[in-house]
Amino acid sequence: MHEGGTGSEPGPTQDHGVHHEFLALERELAVFLRRARASSGEMAREVHPELEPAAYGLLVRLEEAGQQRATALAGYFGVGKATMSRQLRALDELGLIAREPDPADGRASLVRLTDEGRARFRRVRDARRDRYVRKLAGWDRGEIAELARLLHQLNARAEG
């Protein structure tokens, strides 16, 4: 509560019961997410001109986690089976993924990146990392590590 206040009006650290640091976080995350969506669209087109922006995340996940069942991918991204099937079909038609029978369950299949899909994805990912290095050139390495740690913590809590 700020000095001279009655306790009912917002103080210097609150706006209608919400602390300013949370309002600032919300604002900065909104800007970050808008830019990230735009960037995903650009990166998707760099992988392949016909690739949908949302499908770029599938390439990231397959590169990081290896082959996966479509149901596991749908669960990871929080989308339905129909949405995942449509996105995987588009990636398959572009030659970026392949499906193989799951040795643990012959009725299911595993999705993996093709050599072409991996090469295209890595080229775009490496170019993106080079852009991060340039944009953050003035930052201290400890600040970059702290930002990565905090984002990881935010993501881990969102998943759990």
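Please read these numbers as outputs of a predicted model, since none were measured by experiment.

Caption draft 1: Quick look at the packing of aromatic side chains. If you walk through the whole model with that rule in mind, you get 2 aromatic pairs. Considering the side-chain rings of Y56 and F121, the 5.6 Å spacing of their centres and the 45° angle between planes classify their relative orientation as tilted. One end of the pair, Y56, is in helix α2 (residues 53-65); the other, F121, is in helix α5 (residues 115-135), and 65 residues separate them in sequence. Since its relative accessible area comes to 3%, Y56 is described here as buried. For F121, a relative accessible area of 2% translates into the label buried. On the basis of an interplanar angle of 90° and a centroid distance of 5.0 Å, the ring pair of Y76 and F77 is categorised as edge-to-face. Of the residues examined, Y76 reaches a relative accessible area of 38% and is grouped as partly exposed. In this structure, R61 is placed above the aromatic ring of Y76, and the distance from its NZ or CZ to the ring centre is 3.8 Å.

Caption draft 2: Looking closely at the nonpolar core. Within the largest apolar cluster, 22 residues are counted, with the highest numbers of intra-cluster contacts made by L51, Y56, L59, L88 and L91. Contributing elements (two or more residues each) for this core: α1 (20-47), α2, α3 (70-77), α4 (81-93), β5 (105-113) and α5. A total of 6 residues in this core trace back to one element, the largest contributor, which is α2. When residues no more than four places from it in sequence are discounted, the contact partners of L91 are L51, A55, L58, L59, L96 and I97.

Caption draft 3: Quick look at the pattern of salt bridges. If you walk through the whole model with that rule in mind, you get 13 salt bridges. As a salt-bridge pair, R122 and E63 come within 2.9 Å of each other at their nearest N and O atoms. Of this pair, R122 sits in helix α5 while E63 sits in helix α2, and the two are 59 residues apart along the sequence. Residue classification places E63 among the buried positions, given a relative accessible area of 18%. For R69, the salt bridge identified is with D105, shortest N-O distance 3.8 Å.

Caption draft 4: Representation of the pairing of strand β4 (residues 97-102) in the model. Two elements, β4 and β5, share 6 bridges in a ladder whose sense is antiparallel. Looking at β5, one finds that P101 is bridged to S109. The turn joining β4 and β5, which pair antiparallel and follow one another in sequence, is formed by 2 residues.

Caption draft 5: Broad picture of the packing of α2 against α3. It is the contact of α2 with α3, at a shortest axis distance of 11 Å, that shows an interaxial angle of 115°. Judged on the interaxial angle alone, α3 and α2 are roughly perpendicular. The two elements α2 and α3 cross, and the hand of that crossing is right-handed. On α3, the residues touching G57, L58, R61 and L62 of α2 are L73, Y76 and F77. When its residues are assigned to classes, the contact of α2 with α3 shows 5 nonpolar, 1 polar and 1 charged.

Rules used in this analysis
- Residues numbered from 1 in each chain as written.
- Predicted model: local features only at pLDDT ≥ 70, side-chain atom pairs only at ≥ 80, totals over all residues.
- Heavy atoms only, no water.
- Phe/Tyr/Trp six-rings, centres within 6.5 Å; stacked < 30°, edge-to-face > 60°.
- Helix = DSSP H or I, 4+ residues; strand = E, 2+ residues; numbered from the N terminus.
- Buried < 20%, exposed > 50% of the residue type's maximum accessible area, 1.4 Å probe, protein only.
- Lys NZ or Arg CZ within 6 Å of the ring centre and 35° of its normal.
- Core = buried A, V, L, I, M, F, W, Y, C linked by side-chain atoms within 4.5 Å.
- Contact = heavy atoms within 4.5 Å.
- Salt bridge = Lys/Arg side-chain N within 4 Å of Asp/Glu carboxyl O.
- Pairing = 2+ DSSP bridges.
- Axes fitted to C-alpha atoms, helices over the stretch in contact; angles between N-to-C directions.
- Parallel < 35°, antiparallel > 145°, perpendicular 65-115°, else oblique.
- Left-handed = near helix turned anticlockwise from the far one by under 90°.
- Nonpolar A, V, L, I, M, F, W, Y, C, P; charged D, E, K, R; others polar.

Take it as geometry only, folks, not as evidence of what the structure does.
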